[in-house]
Structure formats: structure tokens, C-alpha cells
Amino acid sequence: MSIEIANVGKRFGGFVALDNVSVSIPAGQLTALLGPSGGGKSTLLRIIAGLERADTGRVEIDGVDATSLPPQKRNVGFVFQHYAAFKHLSVRRNVAFGLEIRKRPKAEIRTRVDELLALVHLEQFADRLPSQLSGGQRQRMALARALAVEPTVLLLDEPFGALDAKVRKELRDWLRRLHDEVHVTTVFVTHDQEEALEVSDEIVVINEGRVEQIGPPDELYDRPANDFVMRFLGPVTQLGDHLVRPHDLQIHTGDGQPAAAPGRVTRITRVGFEIRVEVTTATGQVVTVTLTRNEFLALGLHDNALVHLTVAPNSPTTIATSPDHRSSVSPSLAASH
Ligand SMILES: Nc1ncnc2c1ncn2[C@@H]1O[C@H](COP(=O)(O)OP(=O)(O)OP(=O)(O)O)[C@@H](O)[C@H]1O
């Protein structure tokens, strides 16, 4: 079921949390709301869920104006970061809960819950209590519970946020596979650009209450609309007045590079599988280039070597406006917190 968000605005006192936001979410897709903390992602998700009312604008779910509908009339399922399970009920009963309060026949409930437990790979844990599950298993139970009532829309607010990196990664692969099987229109909030790039069909980048760009992961990565998106989706360095990704820079050791920027190698650092080379250009700019180990060895680089830098053909670049305080923390660092 598609979701249309048109010109939605939301204030908390004098603070503008959402500023005239419009987004079309096509049916059956997995869409990420991505952006830094405090940008308005959760507020937008809560407005879609009906847990928060927009001050202005309109929300349509499956062509129906849902702007003033209460959450229970929207047929949405949601899962939050710290999922509250019924502690005294078994996994099976937790998943069955929504069906039981809808007074569905017992046999139907049993079949449906069995299907769902199989879908989230929790069959063997059906009779355990939530406290006897791992964090990742609990989140899968939460997803099964949200899916039980066959929502037309599934909303996930940092569903894997509280889990460790390895489990997060497993769950995000699993969410992608689950979505490919079930095809329910899904919107999930994340501040982790890798999670968004890896899992989603489409990404909505939200910052300071505004949409910066909407598009499939490749498009955002290869054609960032602006500085902010460029910085937020991956590491960047500046050469002249352009922002560019450190792995899209080429280092030349010979002469005869007319369009290249000359400089000297001022630092070489090995970081796992890549080599980070810092080049200080003739204008005093410090530029970071990342190379694979083989590229590095082929160039025979050493401290103080005279080199020239070029941007690899067809690489995304944006014009750097003033240094961006909003994204001064590298997203990969921010994401690991
Ligand atoms: N009920 C509220 N009352 C006052 N301010 C609020 C309320 N809910 C959210 N805000 C503010 O609105 C802004 C957007 O919050 P929101 O939770 O949507 O951001 P977010 O992008 O989801 O961030 P995070 O990733 O940290 O959850 C924040 O500055 C937040 O403090």
C-alpha cells in the first residue's frame, strides 16, 4: 500500500521538527528514513503511524486520507528500538496477541502463528518467555507480532539500534529477505548509512526537518544532490573546492598530468585492508586518498614523495560550501555509537 506525505509540518513549541515535508512511498517497497539524530525521522514515522498529529499537510495511506485517523484505524504495524513484549506470555502468545484481541478462531490463530514463527525462524522457541531470548530473537518476535494482524504498512523505528554490530548485520540481511517474501510496504528509521544503503529500495535523507534527497541507494551514492548527502553517505575529502570520496582520487607519481593537483605525501597510514595516504597540495590543502594495498605497492609511495592528484572519471563530487558542522562526525563513526 502506498503512502503519500504531502507538505507535512510539525512544531514542538517554537522548534520546527518537520518543515513542509513531501514524500511518496510506493507500495511494496522497503524505504529507509536516514539522517542524523534529531533530524525528524522518528517524528515523520510517528505521523505516518498516527501516534503524532501533523500541524499542516496530509498523510494518505493506500489512497485514503489518514491525516486524522487514529492509529488503530490505519492498519499499520510498528516495532520500536526497545520493544516491549508481554513478559509473562510465551513467544507464541506474544505473537498471537493481536489476533486474540480480534477474537479470531483458535485454529486460525494457531496456523497463522506457526507460519509467522517459521518466517522469523523462532519455531523452536515458541514456548519460551521473552526474557529467555537473545536481543536479536526478541526483535524477530516483535516483527512477527507486528506482522500477525496483516498490516498494510510496517513501520520500524531503529528496530536493531540497541543490538551489537554483528547481530544488527544479521538482522538487516534477514529483514531484506523477509521483505522479499512478504512484500509489505515497510518504512524504517535509521541513522546508519550503511544499513540504509544495504537494505533499502529507496532512501529518504532527512536533516533538520527537511528532505535533502530521495532515491535508490545507488543514485544517492553516485549522484548526491548536495554536500550534506555526499558527506552523510560516506567518507569525503576536499580537493580544491570539490568534495570527493577518498577512494575516487588517483595518485600519479610521474610528470605530465596537466589537470592534476601537485602535492607531497605527508602521511601514510595502514587501516586494515586499505592504505590511507595524506597528500598536502601546493596550496596547503590536506587531502586524504585511500588505496588498496596493491595500488599502494604499485605506486611505490613514501613520505615526502612528489605526486599529482586527479579525480577518477565519473566519480561523484559536489561543490563544498562552508564546512558543514552538521556532519563533521564521519557517518561511519557516528553509526558505530
Ligand atoms: N514530543 C516532543 N516534544 C518536544 N520536542 C520533540 C518531541 N519529539 C521530538 N522532538 C524534537 O524534534 C526533533 C526531531 O526529533 P526526532 O525524534 O523526529 O528525530 P530523529 O531524526 O528521529 O532523531 P533520533 O535518531 O535521535 O531519534 C528533535 O530535536 C526532538 O528533540
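Placed above this text is the structure.
Below, the structure is looked at part by part. (Residues numbered from 1 in each chain as written. Predicted model: local features only at pLDDT ≥ 70, side-chain atom pairs only at ≥ 80, totals over all residues. Heavy atoms only, no water.)

### Overview of the overall build of the protein
Part 1 of the reasoning: Secondary structure summary: the protein contains 10 helices and 18 strands in total.
Part 2 of the reasoning: Projecting the C-alpha coordinates of the protein onto the three principal axes gives extents of approximately 80 × 45 × 30 Å.
Part 3 of the reasoning: Here the protein holds 337 residues, and the buried ones make up 48% of them.
Part 4 of the reasoning: In the protein, 64% of the contacts between residues at least 6 apart in sequence involve partners at least 24 apart.
Part 5 of the reasoning: Distance between charge centroids for the protein: 8 Å, based on 37 positive and 41 negative side chains. (Helix = DSSP H or I, 4+ residues; strand = E, 2+ residues; numbered from the N terminus. Buried < 20%, exposed > 50% of the residue type's maximum accessible area, 1.4 Å probe, protein only. Contact = heavy atoms within 4.5 Å. Lys, Arg positive; Asp, Glu negative; His and termini not counted. Charge placed at Lys NZ, Arg CZ, Asp CG, Glu CD.)

### Here we look at helix α4 (residues 135–148)
Part 1 of the reasoning: When the terminal C-alpha atoms of α4 are compared, their 20 Å separation across 14 residues agrees well with the 20 Å that a helix rising 1.5 Å per residue should span.
Part 2 of the reasoning: Extensive coverage of α4 is indicated by the burial of 11 of its 14 residues.
Part 3 of the reasoning: Taken residue by residue, α4 has Gly136, Gln137, Gln139, Arg140, Met141, Ala142, Leu143, Ala144, Ala146, Leu147 and Ala148 as its buried positions.
Part 4 of the reasoning: Where α4 terminates, the next one or two residues include glutamate 150, which has phi positive at roughly 50 degrees. (Expected span 1.5 Å × (residues − 1).)

### As for the site of the ligand
Part 1 of the reasoning: The environment of the ligand is made up of Phe12, Phe15, Ala17, Pro36, Ser37, Gly38, Gly39, Gly40, Lys41, Ser42 and Thr43.
Part 2 of the reasoning: Side-chain polar atom of serine 37 to an oxygen atom of the ligand: 2.6 Å apart, as the coordinates give it.
Part 3 of the reasoning: Residue glycine 39 places a main-chain N or O atom 3.0 Å away from an oxygen atom belonging to the ligand.
Part 4 of the reasoning: Within the complex, 59% of the 630 Å² of free accessible area of the ligand lies under protein.
Part 5 of the reasoning: Looking at the shell around the ligand, the elements with two or more residues in it are β2 (15–25) and α1 (41–49).
Part 6 of the reasoning: Tallied by class, the residues present in the shell around the ligand amount to four nonpolar, six polar and one charged. (Near = heavy atom within 4 Å. Polar contact = N/O pair within 3.5 Å; in protein donor to acceptor, adjacent residues only side chain to side chain. Areas by Shrake-Rupley, 256 points an atom, 1.4 Å probe, with all protein chains shown as cover. Nonpolar A, V, L, I, M, F, W, Y, C, P; charged D, E, K, R; others polar.)

### Regarding the environment of aspartate 19
Part 1 of the reasoning: Note that aspartate 19 resides in strand β2.
Part 2 of the reasoning: Assessed through its relative accessible area of 36%, aspartate 19 is described here as partly exposed.
Part 3 of the reasoning: Residues aspartate 19 and asparagine 7, spaced 12 residues apart in sequence, show a C-alpha to C-alpha distance of 7.9 Å.
Part 4 of the reasoning: When residues no more than four places from it in sequence are discounted, the contact partners of aspartate 19 are Val8, Gly209 and Arg210.

### With respect to the sheet that holds strand β1 (residues 3–12)
Part 1 of the reasoning: Sheet architecture is open: four strands sit in the order β2-β1-β4-β5, paired in antiparallel fashion. Each edge of the open sheet carries a strand with a single partner, namely β2 and β5 (64–65).
Part 2 of the reasoning: Both strand β4 (residues 56–61) and β5 contribute to a ladder of two bridges, which runs antiparallel. Within β5, the position partnered with glutamate 60 by the bridge is aspartate 65. (Pairing = 2+ DSSP bridges.)

### Details of the packing of helix α2 (residues 91–101) against helix α3 (residues 106–119)
Part 1 of the reasoning: Taken N-terminus to C-terminus, the directions of α2 and α3 make an angle of 125 degrees; their axes are 10 Å apart at the nearest point. Overall, the two elements α2 and α3 adopt an arrangement that is oblique. In terms of crossing hand, the pair formed by α2 and α3 is right-handed. Of the residues in α3, those in contact with Val91, Arg92, Val95, Ala96, Leu99 and Glu100 of α2 are Ile109, Arg110, Arg112, Val113, Asp114, Leu116 and Leu117.
Part 2 of the reasoning: Tallied by class, residues from the contact of α2 with α3 come to eight nonpolar, no polar and five charged. (Axes fitted to C-alpha atoms, helices over the stretch in contact; angles between N-to-C directions. Parallel < 35°, antiparallel > 145°, perpendicular 65-115°, else oblique. Left-handed = near helix turned anticlockwise from the far one by under 90°.)

### Notes on the pattern of salt bridges
Part 1 of the reasoning: Applying the stated criterion across every chain yields a total of 23 salt bridges.
Part 2 of the reasoning: Among the salt bridges present, the one from arginine 93 reaches glutamate 100, with a minimum N-O distance of 3.3 Å.
Part 3 of the reasoning: Note that arginine 231 is salt-bridged to aspartate 227, the shortest N-O span being 3.8 Å. Remark: aspartate 227 and arginine 231 occur in helix α8 (residues 227–233); sequence separation between them is four residues, near one turn of the helix. Of the two residues examined, arginine 231 and aspartate 227, each falls in the buried class.
Part 4 of the reasoning: Overlapping salt bridges bring together Arg168, Lys169, Arg172, Asp173, Asp192, Glu194, Glu195 and Glu198 as one network. (Salt bridge = Lys/Arg side-chain N within 4 Å of Asp/Glu carboxyl O.)

### As for the packing of aromatic side chains
Part 1 of the reasoning: A full pass over the atoms with the stated rule returns two aromatic pairs.
Part 2 of the reasoning: Where phenylalanine 86 meets phenylalanine 97, the ring centres are 4.6 Å apart and the plane angle is 45 degrees; that geometry is what we call tilted. Here phenylalanine 86, found in the loop between β6 (76–80) and α2, pairs with phenylalanine 97, found in helix α2; they are 11 residues apart in sequence, far enough to count as distant.
Part 3 of the reasoning: Phenylalanine 86 gets classed as partly exposed once you look at its relative accessible area, which sits at 28%.
Part 4 of the reasoning: When the ring of phenylalanine 228 is compared with that of phenylalanine 232, the centres are 5.6 Å apart and the planes differ by 10 degrees; the resulting orientation is stacked. A residue pair is termed a helical-turn pair when its members lie 3 or 4 positions apart in one helix, as phenylalanine 228 and phenylalanine 232 do in helix α8 at four residues. (Phe/Tyr/Trp six-rings, centres within 6.5 Å; stacked < 30°, edge-to-face > 60°.)

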